[in-house]
Each structure stands twice: as C-alpha cells, then as structure tokens.
Amino acid sequence: MKEKLHLRPNQNYFFRATIVIFLFLSLSVVILPLTSSSAEIVSPEKFLGFQPGQDFKLANWKQITDYFQLLSQASNRIKLIELGKTTLGRPLVMAIITAEENFSNLDRYKKIHQTLHDPRQLKPEEKASLIKEGKAIVYISCSIHSTEIAASQMSMELAHKLVSDNSEETKKILSQIILLLVPSANPDGIDLVTDWYYKTLGTPYEGSSLPWLYHYYTGHDNNRDWFMLTQKETQLMARVLYQEWFPLLVYDVHQMGSNGPRIFLPPYQDPVNPNLDPLLLRELYQLTGKAVIDLSRAGKTGMATNTIFDTWYNTANRAAPLRHNALGILSEAASVNLASPIFIRPGDIRVGADGNDIQSTYLEPWPGGWWRLRDIVEYEEIVALSFLTTIAEKKEKFMENFCLFAERQIEKGQNEPPYAYLIPEAQKDWPTALKLIEVIQKNGAEVYRATKAFEAEGINYPAGTYVILLSQPYRAFVKDLLESKAYPLPPGQDPTQHLPYDEASWTLPLQMGVRVTEVTSKFEANLNLLPPIKMPDSRIESGGNYYLVSSNFNNSVTLANRLLKNKISAGYIDRPITVGGQTYPAGSLVIDRGRIEAARMATLAKGLGLEIKGVNSVEPARIQPLTPYRLAIYQPWTASMDEGWMRWVLEQFEFDFKVIHNSDIRAGQLQSNFTHLILPSLSSQIILEGRKKGEVPPEYAGGLGPEGVSALNSFIRSGGTLIAAENAADFAIENLGLPVKNIIEPRRMRRPESQVAGQTSERVRVYSPGSILQVAVDPSRPEAFGIGEEAAIFCYFSPAFEIARAEDSKSASTQKVWNLAWFPAYDPLLSGILLNGEKLKYKSAAVACQVEKGRVILLGFDAIHRAQAHGSFKFLFNPIIYH
C-alpha cells in the first residue's frame, strides 16, 4: 500500500510562523467587546477574524465561549448556561437555542419531556395533549475528543445560523425544537490542542499528536465514561441527559482517521445489542438516512453507513442514550492534521475490503485530493441541520415514539424475565456495593429497598435488600449493565480479523466484585424508592484495645493512607483471624486505641462506610507495621490512558505519588527518591524507544533507552518495588532477567508464531477482546491480601505467564517467584467471549518476583479498567501498602 501523502499548500515554515505571531498579536483587535449595545448578530468569521474551519486557524475555548456569550446578549433565541467547572477549572457551557416565545415556558417543556420519558402515571388522553403542546428536546455534543476539533468550531456557525436566519425552515426548527448545544464536552482539551497546534504550526511537528492526554485523566477514554460517570464533565452532562432535560436525540459529533470514508453515519454494523429496542433503531436509521440524502444533495461524497461502528458496547455518549430510550447518533468525519489540510491520493483511500470502490455501504466514493478542516465543518453542519429539520417537521411523531420506547421497556420489565436484580446487604465489600448502586442512580435508573423480608425464586431475602426492578423506563440500561454477556461473533467472521468496536463485556457487578442476583420469576415485596445514595460514615465499635478494619474493603486502603499521612502508628495482621464469628483476612488494619483518640479516629474514617471493630487481641496473628512509601508513576510522552486512569484511581483512594518521565529515570532519581514505581500498560517498544526523533520536539522524543533500563535495574536490586501493569510485563520480563514467560501473542502481532528475546517457546493466540475471566488467588500473599480466593479480571488479549522451574532459571539474582493469581482448570469465562481459552489452564495472571533486595510485580490484566474494576484494584494497591 502506498504511503499517504501529507502536503501543505505552503511549505515555507518561516512565512507560516510569521502568520502565527501576527494571529496572536491581533487577537485583542478582532475580539469584540461583549458589552456592545449594538443589536447586530455578529458572525463567527467577523468575531474571530477567520472563518471556522479555515486552514491553519483554531478558536480556543475562551474565544468560543466569548462568542456564545455575545450571541446570548444579541439574540433572544439563545441563552448560555454554565453547567459547572471542568477537571481543570474551565466553564463547561451549554447553549439553549429555541424560539423566543419558548423561553417563557421552558420549565413547562422540560416537565413535558420528563413526563413522556416516564409514562407510568400518564393517562392516554394526557399523552396526546402533551405531545401536541410540547417541544422536542435535542442535544448536540461537540468535540469530546478535542483533537477531533472541527465540531467545536462548527458549533459557533450552527448557533449563528439558528439565531440570525429568518427563513421558514429555521423558524420551524426554533418553533418545534429546544436545542441543547454543547460546544465542547472537553473544554480543557480544546485549549490543550489549540495551544499545541499553534506551538508546532510552521515547524516540522505541525499537527502532530500531543505528548500528553487531552483530558487530564482519561484522554480518549473520556468517551468511555458514560456509565461509571467518574469525571466531572460526564457527571455534569449525564445530569442534563438523565436527570433534567431527557432529550429524545443525542447527537455526538466526532472525527476518525484520514484515509477512510469522509463521514460515517448509522446504520451501525453488526453485532446489534439485543437489549436495544428495534423500533428505536429503525427511527434512528430513518433520521440518519435523511442526513445522508441531504449531504448528497449538497454535493458531498464519501458517506459510509453500516460499517466500522456497532451498537454492542455501552460506554460512549452515543451508546448510553440508546439504553435510555433516546436516539443516540454518532457521526465520524475524516480528520486532517488538526487544522492543517492534507492531500490524499485516491489509491490511499480504504473503505472496507473494496478500497475506494462503490459499495452498498459507500455509494458515492470521494475522489481524493485536498481535505480541509473546513470540509469537516461543512459536513457536520449539514448533518446537524438535517436532524433538526427532520425532527421539526415530524415533531409529534418523534415525541410520540420517545414515549412509546419507554412504554415498551416498562412492558418488557413487567412481562419478560429478568424481572429484577437484587443486591443483598451481605457483601464482601459493602462500600463498593454502595458505589454500584450510586452508578445506577446517577444514570437515572431507580433502585428500591425492601422494608420487609421477602421471597424470590425460593430464597428468603431480608429487609434492607436493594431491589432494581426492570419495569422501569431505563430497563435496557440496567439489564445491559448488570447481566453477563455472551458476545456474538458475527457469522463467518475469522476471530483473528474481527474485534468488537470497543470491548466484548463490561458487566459491572463482576468487575466491582459485588454480589448481584438476577430474578427470572415474578415475586412480591414491600419496597420503598431509594433516594440518591451517599457513602455513610464509618461505624466504630467501642471497647477493646485495638481497632480492627477488614482488608476486604477497598476503602480500608484509604484509611491506611490517611493514617500514614497523619503519622499515626498502625499495622496489619499477617494471617486471618476470627472475631465474634466474623473472619478478618490477612492485611486487616490494626490501630492501637491508646495511640489515637476516638474523635480523631472517627474523623479519619469519615465517609468511608467502614465497619471498625473493637477487639482486645488479634492473636494468633502477628501485627506487621504499616510503613510509609514513596510512589512514582511513569508517564511516557505518548499520552497513555492507562497512566491517566491510574492517577485518577490512586487519587480517589488518597495515595500520594509523583509523576516521573524518561529523563528522571535516566538521571537516577528513582533510587534516591522513591520506594515504588508503577509502569502503566505500555508496549516494551514504547517504554524503551518512546516517540521518534523528528516526530515531536526533541524534549518529547525517545524512551528509557539502555541508560534508563540500567537505572531501573539498580533501583529494584537495591530494594525498590516495580509494578508492571499488563503490557508493560513484557518490558519487565525482557529487561530485568525474570524467570517468567508471557505465553500470549500480542493482538497486533501478524506472525502466527513469535518469540520473545531469549525465549524458545512459541506464544499462543487466545481470543479475549475485552472479556471478564475468573482467576484463583493466593490470599496469603501480601500482594493479594483482602482479595479472597478468587477474583474476576478484565482481559483484552492480556498476558498470561509461565513460571520457569528453578533449575531452568538463568537469573541468579531472582531468589523467588510467587504465583499470586492463576487461571483455573475449567473455562474461566464469566462474561464476553473467549476462544482457545484452554491454553490458559493453570497459567499465571499475576506473579511477584524477588530480585535481590527488591520486587517486581507482574499484573497480566487491566487491574483498573477505566475505574470500573473495583474488584481487582487491590492487585495494584497492595504492593504499595504492604511492603
């Protein structure tokens, strides 16, 4: 295949750099004062000094929000509201655009949508009148992935057209629709990308990828947070979607790679998630079909449908609404180099297996040539206006179906199993069970609590049991979140060539380690609707010489960190003990009552939901001291999402840590400043070599190199602990002389058989494209304290290990290797899909290696997985806390 040709109309870097300097110097001139008394509705081009989408020009977040403020002052068709602050403190704003007369009844129209979204108390005659009276609420979200920046620029032009145009078509849109327009779901990223673009504009690095995440914690995965709702931005927007406004359309505007279609629109390809209402999908496809027609009528080509993107997974902003009875629509336009145009030869365009030829999914091939940011803006604006026009023309039918989708879900919950999911109070880790309930509630679903004991399927459940009934509007969301999955490999597909678009499974109870029971028979119970749940304060039992806190609780780690920060002497038991009929596993915290006042203990345990028992003795266990640590996390210049998620999760459990880079390790800072280092899931090549010289400015090029590897070896042999997460295990095995082999062939490795340096055994293919598997655990090891004898782990073609026999080991410096977790003899699949899984039998999923005075922990799975995998967090936490 020929290399794609990236040309620019002007290759004169000096000239281009001069333009950049002029642009910045002139910004104060082109930005109009917001307090102008003029009633003129200023265009984005006049306000910015350039047309949105113009080559080499981007508006930053202040310019975008200033422009929307200007519109809201100049027009009675728009109001700008701040939803809250972003992760880095910027305003996250939403523009409400509708006819002037609709604003006086805005609360009434919100109430109508809320009533239609949950029609359980709605009478038939009321429904018809509400549908006629109401306005269709539509939500458009732009540039959550901030390198996909065209939509944020387009939003200004779309808003200007709607507030300034007086055509009958626009008046109809404004009369029948209330548009909620979010100019960017990631304002922090808009500035990060814009700053980087202008920094590199006119240099050899122009349009290159950022060296850091464009969302502070999650990067691209900010669009994989739509049920966990861990980040400030997704929390704010989910409140709009599922608590306040209940839009019937959620249009999420994206970009993709450069060499495929010019734009993708649904229909989505197989597999289809069976929890989705087929009627909803049919209406969605009518809407997008009209948009494709409108693109074609406007002279646009290169539109693709029924390809690339499926409806299987549940974590994105176009996927979650489909489980909430809303039309969740994704568009993906072909990208440029941020704002720099590119030239693409016709032979370099690949759409499916047939290249750039006419196909049933691609009827009008794009002929190739220059592709510009302005092209993307135009395609996206045509699609947005098409959706608005179609819904305005058939407003009552769309609102009627919006209500019907909810009615169908409620009816299914009443007449089809499962009828409910139960969450008993008796849990291994009760605070984590409460976090699961919180996730369900924040997504707008209902949770009840039993006021009396009841029976379901022959089992007695006590009062206090949590009950999630399926006869509710968001049945599809609840079921899809809680059930075990069986990923349907499309018929005839070679599994080595097919992957789920994102992952095969996300079953949250399994990932969180929470016991949830599915009820497939009807039952009766006295239930009260649960108000929004909050983590309670810890309950502290009086009496005894010691406080004892079970290591079963993830939140015990937070307490341990608080004790360490406050320099309060504490320890943990080295073996399980039974007190009052309750077993406390090894690693349970012990705090001498004589060293801390009761009020201070209550303050330290506040908001953790722990059960803290008073005991006189912990015999026959011995108390090991809880000792301070100095933790570092390796951050490459390749924008690692795994690194970002680790930072976020560690912060939630109040770990102290510092981020270090290649130069810090090469300079020998590990040995003198830290006791622990985490390598996030990165390939060995990325860790060693990093980004290529000439690809980014010199300070961001390169990796650890031989010098960094030598420093890392010295750190470990002198007593340091290295935790190598998932794909980083290969780096540790290859460079630290560990007597361990990774038997799994990497997903992207094309050769059917491969060898790792110095290893003679062949790797095997195991198809686990984001599945949840069961492992056995050794709970006697400090690295596994509190996890239990088995655990569920998330595997995406993850490593699995063989431990070499002592006589086969070539590493004299490694004294011992411990098997922390391993795959059972039976099929370990809990949810998703697993092919060739028998190759995992008895193989290790996590091991600990002693290397002279230090340790290396290899975690062959995603222990954090987008902050979902609470049930395996301790595989990461324990080597830090217990050392």
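This one's a predicted model, so the numbers in the text were calculated from it and none came from an experiment. Throughout, residues of each chain are indexed from 1 in the direction in which the sequence is written. The predicted origin of the model limits local features to residues at a pLDDT of at least 70 and limits the giving and counting of side-chain atom pairs to 80 or more, whereas totals for whole chains, interfaces and linings rest on all residues. Calculation of side-chain values draws on the structure's entire complement of heavy atoms; hydrogens and water are dropped beforehand.

### Here we look at the overall build of the chain
- Within the chain, the secondary structure is distributed over 25 helices and 37 strands.
- Seen through its C-alpha atoms, the chain measures out along the principal axes to roughly 85 × 70 × 60 Å.
- Note on exposure labels: buried denotes an accessible area under 20% of the residue type's maximum, exposed denotes more than 50%, and partly exposed covers the range between, all computed with a 1.4 Å probe on protein chains only. Among the 883 residues that make up the chain, the fraction classed as buried is 60%.
- When contacts within the chain are restricted to residue pairs at least 6 apart in sequence, long-range pairs at least 24 apart make up 79% of them. Put simply, DSSP marks the helices as runs of H or I at least four residues long and the strands as runs of E at least two long, and each gets a number from the N terminus on. By the convention used here, residues are in contact when the closest approach between their heavy atoms is within 4.5 Å.

### Notes on the packing of helix 19 (residues 641-652) against helix 25 (residues 873-881)
- Under this scheme, a helix contributes an axis fitted over its contacting stretch, all axes are lines through C-alpha atoms, and angles between N-to-C directions fall in the 0 to 180 degree range. For the pair helix 19 and helix 25, interaxial distance at closest approach is 12 Å and the crossing angle is 70°. With respect to helix 25, the element helix 19 is oriented roughly perpendicular. In this structure, the crossing between helix 19 and helix 25 has a hand that is right-handed. Contact with helix 19, carried on its side by Met646, Val649 and Leu650, involves Phe873, Leu876 and Phe877 of helix 25 and no other residues of that element.
- The residue makeup of the contact of helix 19 with helix 25, split by class, is six nonpolar, no polar and no charged. For this classification, under 35 degrees means roughly parallel, over 145 means roughly antiparallel, 65 to 115 means roughly perpendicular, and everything else is oblique. Rotating anticlockwise by less than a right angle from the far helix to the near helix defines a left-handed crossing, while the corresponding clockwise rotation defines a right-handed one. Gly is put with the polar residues, along with every residue not named as nonpolar or charged; the nonpolar set is Ala, Val, Leu, Ile, Met, Phe, Trp, Tyr, Cys and Pro, and the charged set is Asp, Glu, Lys and Arg.

### A word on the sheet that holds strand 6 (residues 263-264)
- Here, a strand pair is defined by DSSP locating no fewer than two bridges between the strands. Strand order in the open sheet formed by eight strands is 1-2-4-3-5-8-6-7, with mixed pairing between adjacent strands. Looking at the sheet topology across the chains shown, the edges are occupied by strand 1 (78-85) and strand 7 (303-304).
- Two elements, strand 6 and strand 8 (residues 327-334), share two bridges in a ladder whose sense is antiparallel. Counterpart to Phe264 in the pairing with strand 8 is Glu332.
- In this fold helix 12 (residues 373-393) packs onto strand 3 (136-142), strand 4 (177-182), strand 5 (249-256), strand 6, strand 7 and strand 8, with an angle of close to 165° to the strand it touches most, strand 5.

### Description of the pattern of salt bridges
- Take a side-chain nitrogen of Lys or Arg and a carboxyl oxygen of Asp or Glu: if they are within 4 Å of each other, that pair is a salt bridge. Evaluated as defined, the whole model comprises 44 salt bridges.
- A salt bridge links Arg345 to Asp348; the nearest nitrogen and oxygen atoms lie 3.7 Å apart.
- By relative accessible area, Arg345 is classed as partly exposed at 30%.
- Owing to a relative accessible area of 1%, Asp348 belongs among the buried residues under this scheme.
- Among the ionic contacts, a cluster of salt bridges with common partners joins Asp221, Arg224, Asp502, Glu503 and Arg866.

### Looking at unusual backbone geometry
- A cis geometry characterises the amide bond from Asp270 onward to Pro271, with omega recorded as 0°.
- Take Pro271: it is sitting in the loop between strand 6 and helix 11 (278-297).
- Cis rather than trans, the peptide bond between Pro417 and Pro418 has omega equal to -5°.
- Among the secondary structure elements, Pro418 is positioned in the loop between helix 13 (395-415) and strand 11 (420-423).
- Its identity as a non-glycine residue notwithstanding, Glu726 has a phi of 45°, on the positive side.

### A closer look at helix 10 (residues 232-244)
- Taking 1.5 Å of rise per residue, 13 residues should cover 18 Å, and helix 10 covers 17 Å from first to last C-alpha, within 8% of that figure.
- Here the bend at each residue means the angle between axes fitted to two seven-residue stretches, the one ending at that residue and the one beginning there. A maximum bend of about 30° is found in helix 10 at Ala238.
- Among the residues of helix 10, those classed as buried are Glu233, Thr234, Leu236, Met237, Ala238, Val240, Leu241 and Tyr242.
- On the buried face of helix 10, the contacting elements are strand 1, strand 2 (91-97), strand 3, strand 4, helix 9 (187-200) and strand 5.
- Remark: Phe246 follows helix 10 within two positions and exhibits a positive phi of approximately 55°. Take the number of residues in a helix, subtract one, and multiply by 1.5 Å to get its expected span.

### What to know about the nonpolar core
- Ile97, Ile140, Leu181 and Leu249 are the most contacted members of the largest nonpolar core, which totals 167 residues.
- Counting residues per element, this core draws most heavily on helix 12, at eleven residues.
- Leaving out residues up to four positions away in the same chain, Leu249 has contacts with Ile137, Val138, Tyr139, Leu287, Leu327, Ile329, Phe387 and Ile391.
- Core analysis: the next-biggest nonpolar cluster, separate from the first, contains 71 residues, Ile723, Ile857, Leu859 and Ala867 among them. Residue types Ala, Val, Leu, Ile, Met, Phe, Trp, Tyr and Cys, when buried and joined through side-chain atoms within 4.5 Å, form a set referred to as a nonpolar core.

### Overview of the side chain of Ser640
- With respect to the secondary-structure elements, Ser640 resides in the loop between strand 26 (631-634) and helix 19.
- Assessed through its relative accessible area of 7%, Ser640 is described here as buried.
- A distance of 3.4 Å separates the side chain of Ser640 from the backbone nitrogen of Asp642, its partner in a polar contact.
- Sequence-distant contacts of Ser640, defined by excluding residues within four places in its chain, comprise Leu213, Pro680 and Leu682. Distance and chemistry together define a polar contact, namely a pair of N or O atoms within 3.5 Å, with one atom able to donate a hydrogen and the other to accept it when in protein, and with adjacent residues in sequence counting only for side-chain atoms on both sides.

### Here's the deal with the packing of aromatic side chains
- We call Phe, Tyr and Trp rings a pair once their centres come within 6.5 Å, taking the six-membered ring for Trp, and we label the pair stacked below 30 degrees between planes, edge-to-face above 60, and tilted otherwise. The final tally for this structure, using the stated rule, is 35 aromatic pairs.
- Ring centres of Phe785 and Tyr882 lie 5.1 Å apart, and the angle between their planes is 70°; on these two criteria the pair is classed as edge-to-face. Placement of the pair is Phe785 in the loop between strand 31 (769-777) and strand 32 (790-796) and Tyr882 in the segment after helix 25, with a sequence separation of 97 residues.
- Residue classification places Phe785 among the buried residues on the basis of a relative accessible area of 3%.
- The exposure class of Tyr882 is buried, given its relative accessible area of 4%.
- A cation over an aromatic ring shows up here: Lys110 above the ring of Trp245, its NZ or CZ 4.5 Å from the ring centre.
- Look at NZ for Lys and CZ for Arg. If either is within 6 Å of the ring centre and within 35 degrees of the ring normal, a charge sits over the ring. The positively charged end of Arg647 is found above the aromatic ring belonging to Tyr216, 4.8 Å away from the centroid.

### With respect to helix 5 (residues 106-117)
- Over its twelve residues, helix 5 runs 17 Å from end to end, which matches the ideal 16 Å to within 8%, given 1.5 Å per residue.
- What helix 5 keeps buried is the set Leu106, Tyr109, Ile112, His113, Leu116 and His117. Down the axis, helix 5 shows its buried residues gathered within 130° of arc, on one side only. Summarising the geometry, the arc corresponds to the directions from the helix axis toward the C-beta atoms.

### Describing the pairing of strand 29 (residues 721-725)
- Across the five residues that make up strand 29, a large majority, five, are buried.
- Where strand 28 (residues 676-679) and strand 29 come together, four bridges link them in parallel fashion. Across the sheet, Leu677 pairs through a bridge with Leu722, a residue of strand 29.
- Bridge analysis of strand 29 against strand 37 (residues 854-859) gives five bridges, and the strand direction is parallel. By the bridge assignment for strand 37, Ile723 is matched with Ile857.

### Notes on the sheet that holds strand 19 (residues 546-549)
- The strand order across the open sheet formed by six strands is 18-24-19-23-20-25, and the pairing between neighbours is mixed. Since the sheet does not close on itself, it has two edges, and those belong to strand 18 (539-540) and strand 25 (623-625), each with one partner.

### Quick look at the environment of Ser143
- Its location among the elements puts Ser143 in the loop between strand 3 and helix 7 (150-164).
- Sequence-wise, Ser143 and Ile177 are 34 residues apart; in three dimensions their C-alpha atoms are separated by 22 Å.
- In contact with Ser143, not counting residues within four places along its chain, are Glu148, Ile149, Ala150, Ala151, Ser152, Ser184, Ala185, Asn186, Ile190 and Val253.

### Thoughts on the side chain of His215
- Here His215 is to be found in the loop between helix 9 and helix 10.
- Polar side-chain contacts of His215 include one of 3.4 Å to the side chain of Thr87.
- Apart from residues no more than four positions distant in its own chain, His215 is found in contact with Thr87, Asn186, Asn222, Gln231 and Glu233.

### Observations concerning the pairing of strand 19
- Sheet topology places strand 19 next to strand 23 (residues 589-592); four bridges connect them, and they run antiparallel. Bridging from a neighbouring strand, Leu548 pairs with Val590 of strand 23.
- Looking at chain direction, strand 19 and strand 24 (residues 611-615) are connected through four bridges and run antiparallel. Bridge pairing in strand 24 links Leu548 to Lys613.

### With respect to the packing of helix 5 against helix 13
- Axis separation between helix 5 and helix 13 bottoms out at 8 Å; the angle between their running directions is 40°. Overall, the two elements helix 5 and helix 13 adopt an arrangement that is oblique. Facing Ile112, His113, Leu116 and His117 of helix 5, the residues of helix 13 in contact are Met399, Phe402, Cys403 and Ala406.
- For the contact of helix 5 with helix 13, the per-class residue count stands at six nonpolar, two polar and no charged.

### As for the environment of Leu116
- As for its position among the elements, Leu116 is in helix 5.
- The contact partners of Leu116, leaving out residues within four places of it in the chain, are Leu122, Lys127, Leu130, Ile131, Met399, Phe402, Cys403 and Ala406.

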